[in-house]
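A look at the structure
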Amino acid sequence: MTLEEKTAQLVGYWLDQNGVVAPMQGEMAAGQDGTTLTDITRHGIGQYTRVYGTRPVEPDERAAWLWAEQRRLQRETRLGIPALVHEECLTGLAAWKAATFPTPLAWGAAFDPELVEQVAAAIGDSMRLLGVHQGLAPVLDVIRDPRWGRVDECIGEDPYLVGTIGSAYVRGLQSAGVDATLKHFLGYSASQAGRNHAPVHAGPREVADVYLPPFEMAIRDGGARSVMNSYAEVDGVPVAADPTLLTDLLRDGLGFDGTVVADYFSVAFLEVMHGVAADRGEAAALALAAGIDVELPTGDAYLEPLVDRVRSGAVDEALVDRAVLRVLRQKERLGLLDPDAFADEPPTAIDLDTPRHRALARDLAARSLVLLRNEAVGGADAPVLPLTPGSSVAVIGPNADRAEALQGCYSFANHVLASHPDLPLGFAIPTVREALAAAVGSGAVRFAVGCAVEGEDRSGIADAVAVARESDVAVVVVGDQAGLFGRGTVGEGNDTDSLDLPGVQRELVEAVVATGTPTVVVLLTGRPYAIGWALDGGTGAPGAVVQAFFPGEGGGLAIADLLTGATSPSGRLPVSLPRAAGAQPYTYLHPRLGGPSDVTSADSTPVRPFGFGLGFTTFAYEDLVVDDTVTTDGAFGVSVTVRNTGDRDGEDVVQLYGHDVTASVTRPLVQLLGYTRVAVSAGAAVRVRFDVPVQRFAFSDQSLRRVVEPGDVEVWVASHAAASRPGGTVHTDGIVAVGRGAGPAPVPGSATERAVVLVTGPVREVLPTDRRTVTAQVG
């Protein structure tokens, strides 16, 4: 290969830069010379950027074009190497007429890796059908600050939850023959004050113990084949130029042997944003040496600027060869080097929203809905939900009758079609109003918008109040509009300094509640908001509150099912509900000094904790049994009986927590060790067992070695992270103490069983080959 042919394999080409779908896209140059695709690809091409996902294209027509283009590359370029095609796929394939699934924050709320894996496999099937080889998902950033606009792209605030759900997505996507891309390596979500691209000040222990584990799990347990760098600079060093992260840690430490692709324009950003490179050539040299194999979305730095640096002797061509070999191995594994790769005819009559897609979307949406409050109001004997059959319903709010309100930032509707308002979505997505009208009868539903998502216009609130007064119950649907870089209230580049509901939506809710009509608030959001006023029973509090994190095309139907009682809510919060914006950043994974205490007057306690969620029935945990003393080389079992104490069938998310009582560095008071979903009939019970490797208690010690230390660890099964804080140490000498948790139950729905285990033996260093999974058996 010539040098030009090598560098051509290390870049993407963006066919249609339509609208703004990447940071600073308007300011960044395309980076390729030539006016025709033939000229641009004269030395070959590594990747094509978003063939389907940049502008609305008919799937059949675009597939026909892509097959012809791949054959042209085989026939007319000297090496005959086709292009690898990548697309966004965070909430489904980001293409016109493709199914839209719940956003990743909803994956976390579902606490259901198996279902997420099925969804990812369905997404992968659509991508592979269209000739797409690589998906830019999942996002494995651990949430630390809900003010950050990209929270809706993330799974949760707990690294283990993120790792298990993210690994399931990787397995599902790759089972269809599409390479998953882990984003964003590393520390991106720790950006200062929740501002996108802001500096990260996380220390090496926080990076190793909080931000790294999901990537380790997705690589070791999920088999991820691609990684994308973070835009962040960590302690002053941009990740895109940091070989200690992209090579020493990622490859040598974790054993990753796939390709590392640049987040869009991040190589050029080393010059224009970070100021660590004088020009594109120096940026290319830094990124290539650090370990970035492919520059996306274009070749601003890795084409002529890199070639010039190699020819001048400033860059060793061996670094180019290293990256090219990785790229060619990936293409070979994907079948792109097979001469018959495109011998078959392209697909026709393509359906990207099949019955299978729709069923999975609705199922995942249903499992992700979190019931936060459900009280009787106005002297009623029963809670507001489920709705009484035959009730007339006022459906109110800016998100009640908008399909876009059900979809996340990386959905095609909000990512691309926002620039094409005259085009239809191309698939069925019933709104909450439409779904509820179908469920209870259109004649029973009255509608009023009330206000917009943003702005100060209150003129519609009077109409909403009138509609509520005429109805038996009011359902007020409020929340976010996802978008990019100022186009919306949440999404990439849409950071905030307030966690109040946008606009005058709180005023709308309080006005409806003041009518005396029993009120249900449905939150369609991409981040958790400070809604203590709606949950704690004061003036303006509704009878019921349902949290839906952008639940996708099946979301309206799933919400109607929950409201009418056709299904029972079983979602759990994957992120704490904040008390206030000023209490951020916050995580339930905090040491003693990270929570409220007598030494500060500020209270960071969330209004609802991680893992919280109500249902239409209740569960109790009984007969907790923990294996006897274990060594640091082993594992221990935890089993508990889960009893449905209500009169309705339901599903519970059983959560196993732990606490390392004394350690050489401070440890979280509460740490998720495992979780599982169980279906339990009314009045029945099931026995659940968790098998827990002691490596779940591993952490970075004072010398930054990952170790497991001997000592007491408390273990308990609970309904959420605050159901029972550890209430003192029991000296066990290897004897397991079992009993009801002594800690407070500060929020409704708390249930817990607690024990103390003694982990014995010398300090053991945890090697990179140690798996970090927890299995659960239900029976």
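What counts and what doesn't
- Residues numbered from 1 in each chain as written.
- Predicted model: local features only at pLDDT ≥ 70, side-chain atom pairs only at ≥ 80, totals over all residues.
- Heavy atoms only, no water.
- Pairing = 2+ DSSP bridges.
- Helix = DSSP H or I, 4+ residues; strand = E, 2+ residues; numbered from the N terminus.
- Contact = heavy atoms within 4.5 Å.
- Axes fitted to C-alpha atoms, helices over the stretch in contact; angles between N-to-C directions.
- Buried < 20%, exposed > 50% of the residue type's maximum accessible area, 1.4 Å probe, protein only.
- Phe/Tyr/Trp six-rings, centres within 6.5 Å; stacked < 30°, edge-to-face > 60°.
- Polar contact = N/O pair within 3.5 Å; in protein donor to acceptor, adjacent residues only side chain to side chain.
- 1 Å grid on protein atoms, 1.4 Å probe; cavity = no way out; pocket = protein on both sides within 12 Å on 5 of 7 lines; lining within 4 Å.
- Points joined across faces, edges and corners; volume = space filled by probe spheres on them.
- Nonpolar A, V, L, I, M, F, W, Y, C, P; charged D, E, K, R; others polar.
- Core = buried A, V, L, I, M, F, W, Y, C linked by side-chain atoms within 4.5 Å.
- Left-handed = near helix turned anticlockwise from the far one by under 90°.
- Salt bridge = Lys/Arg side-chain N within 4 Å of Asp/Glu carboxyl O.
- Disulfide = S-S within 2.5 Å.

1. Comments concerning the sheet that holds strand E2 (residues 47–49)
In space, the 7 strands of this open sheet follow the order E1-E2-E3-E4-E5-E6-E9, with parallel pairing throughout. Both edges of this open sheet fall to strand E1 (12–14) and strand E9 (259–261), since each of them pairs with a single strand only. Taken together, the 3 bridges between E1 and E2 define a ladder with parallel strand orientation. Across the sheet, the residue bridging to Tyr13 is Tyr48, located in E2. Strands strand E3 (84–87), strand E4 (134–135), strand E5 (179–185) and E9 of the sheet are contacted by helix H13 (residues 317–333), whose axis makes an angle of about 110° with E9.

2. Digging into unusual backbone geometry
The residue after Ala137, namely Pro138, is reached through a cis peptide bond having omega 10°. With an omega dihedral of 0°, the bond running from Gln584 to Pro585 counts as a cis peptide bond. Structurally, Pro585 can be placed in the loop between helix H20 (555–564) and strand E16 (619–626). A positive phi is found at Phe111, a non-glycine position, where the angle reads about 50°. Looking at where Phe111 falls in the secondary structure, it is placed in the loop between helix H4 (104–110) and helix H5 (113–129). Its relative accessible area of 1% is what places Phe111 among the buried residues. Positioned with a positive phi, Phe485 is a non-glycine residue whose angle comes to about 50°. Its relative accessible area of 31% is what places Phe485 among the partly exposed residues.

3. Some remarks on the packing of aromatic side chains
Counted by the stated rule, this structure contains 17 aromatic pairs. Each ring, one from Trp14 and one from Tyr264, has its centre 5.4 Å from the other, and the planes form 65°; the classification is edge-to-face. In this pair, Trp14 is assigned in strand E1 and Tyr264 in the loop between E9 and helix H10 (266–272), connecting sequence segments 250 residues apart. The two residues Trp14 and Tyr264 agree in class, both being buried. Considering the side-chain rings of Phe111 and Tyr675, the 5.2 Å spacing of their centres and the 90° angle between planes classify their relative orientation as edge-to-face.

4. Observations regarding the side chain of Thr519
Summarising the element assignment, Thr519 is placed in strand E14 (residues 519–525). Residues within four places of Thr519 in sequence aside, it is in contact with Ala474, Val476, Val512, Val513, Pro542, Gly543 and Ala544.

5. Re the sheet that holds E14
Two strands in a sheet stick together by hydrogen bonds in their backbones, pointing the same way (parallel) or opposite ways (antiparallel). Spatial strand order, E10-E15-E14-E13-E11-E12: 6 strands in an open sheet with mixed pairing. Each end of this open sheet is capped by a strand with a single partner; those strands are strand E10 (370–374) and strand E12 (445–448). If you compare each strand with its neighbour and ignore which way they point, the axes differ by 20° on average. Pairing of E10 with strand E15 (residues 544–549), which is carried by 4 bridges, proceeds in the antiparallel orientation. Following the sheet pairing, Arg373 is matched in E15 by Val545.

6. Let's talk about the side chain of Asn196
Counting through the fold element by element, Asn196 comes out in the loop between E5 and helix H7 (204–211). Polar side-chain contacts of Asn196 include one of 3.3 Å to the side chain of Trp148. Side chain to side chain, Asn196 and Tyr188 meet in a polar contact 2.6 Å long. The residues contacting Asn196, other than those within four sequence positions of it, are Trp148, Arg150, Tyr188, Glu492, Gly493 and Asp495.

7. Describing empty space enclosed by the protein
For the structure on display, the rule yields 8 cavities of 30 Å³ or more. Space inside the second largest cavity adds up to approximately 60 Å³. Around the second largest cavity, the lining residues are Ile143, Arg144, Pro146, Glu157, Pro528, Val575, Ser576, Pro578, Gln584 and Tyr586. Residues of the lining of the second largest cavity, tallied by class, amount to 6 nonpolar, 2 polar and 2 charged.

8. Examining the nonpolar core
Within soluble globular proteins, side chains that are nonpolar tend to cluster in buried spots. If you look at the biggest cluster of nonpolar residues, it comprises 222 residues, and the most contacted ones within it are Tyr302, Leu385, Ile531 and Leu563. When neighbours within four sequence positions are excluded, Ile531 is seen to be in contact with Leu372, Leu523, Val545, Leu577 and Pro578. Of all hydrophobic cores here, the second largest spans 26 residues; its members include Leu656, Val678, Val686 and Val692.

9. Some words on the environment of Ala534
Within the secondary structure, Ala534 sits in helix H19 (residues 532–535). In the structure, Ala534 is positioned 201 residues away from Arg333 in sequence and 53 Å away in space, judged by C-alpha atoms.

10. Things to note about the pairing of strand E11 (residues 393–396)
Where burial is concerned, the two faces of E11 agree: the one with Val393 and Val395 and the one with Ala394 and Ile396 are both buried. Summarising the sheet, E11 and E12 pair through 4 bridges and their orientation is parallel. Residue pairing across strands places Val393 opposite Val445, the latter belonging to E12. Direction of pairing for E11 relative to strand E13 (residues 473–479): parallel, over a ladder of 4 bridges. Across the sheet, Ile396 pairs through a bridge with Val476, a residue of E13.

11. Here's the deal with the pairing of strand E18 (residues 635–644)
Walk down a regular strand and you will see the side chains alternate between the two sheet faces. The buried count for E18 comes to 8 of 10 residues, which makes it a mostly enclosed element. Strand direction decides the pairing type here: E16 and E18, joined by 6 bridges, are antiparallel. Across the sheet, residue Phe619 finds its bridge partner in E18, namely Asn644. Examined bridge by bridge, E18 and strand E21 (residues 685–693) share 9 bridges and lie antiparallel to one another. Looking at the pairing, Val640 lines up with Val688 of E21.

12. Describing the packing of helix H17 (residues 461–469) against helix H18 (residues 505–513)
For the pair H17 and H18, interaxial distance at closest approach is 9 Å and the crossing angle is 30°. You can see that H17 and H18 cross each other, and the crossing is right-handed. Facing H17, whose interface residues are Ile461, Ala464, Val465 and Ala468, H18 presents Glu507, Leu508, Ala511 and Val512. Residue composition of the contact of H17 with H18, grouped by class: 7 nonpolar, no polar and 1 charged.

13. Re the pattern of salt bridges
Within the structure shown, the criterion is met by 42 salt bridges. For Arg309, the salt bridge is made with Asp279, and the minimal N-O distance between the two is 3.8 Å. You can see Arg309 sitting in helix H12 (residues 304–312) and its partner Asp279 sitting in the loop between H10 and helix H11 (280–290), a full 30 residues away along the chain. Three or more residues are tied together by salt bridges with common partners; here these are Asp112, Asp363, Arg367, Glu651 and Arg677.

14. Notes on H7
Every buried residue of H7 is listed here: Val207, Ala208, Val210 and Tyr211. Tucked into the core, H7 has its buried residues touching helix H6 (159–175), helix H8 (213–220), strand E22 (699–700) and strand E23 (706–708).

15. Comments concerning the state of the cysteines
Evaluation of the coordinates by the stated rule reveals 0 disulfides. No disulfide involves Cys89; its sulfur sits 14 Å from that of Cys409, the nearest cysteine. This cysteine, Cys409, is not joined by any disulfide, and Cys154 carries the nearest cysteine sulfur, 11 Å off. Take Cys409: its relative accessible area is 0%, and that puts it in the buried class.

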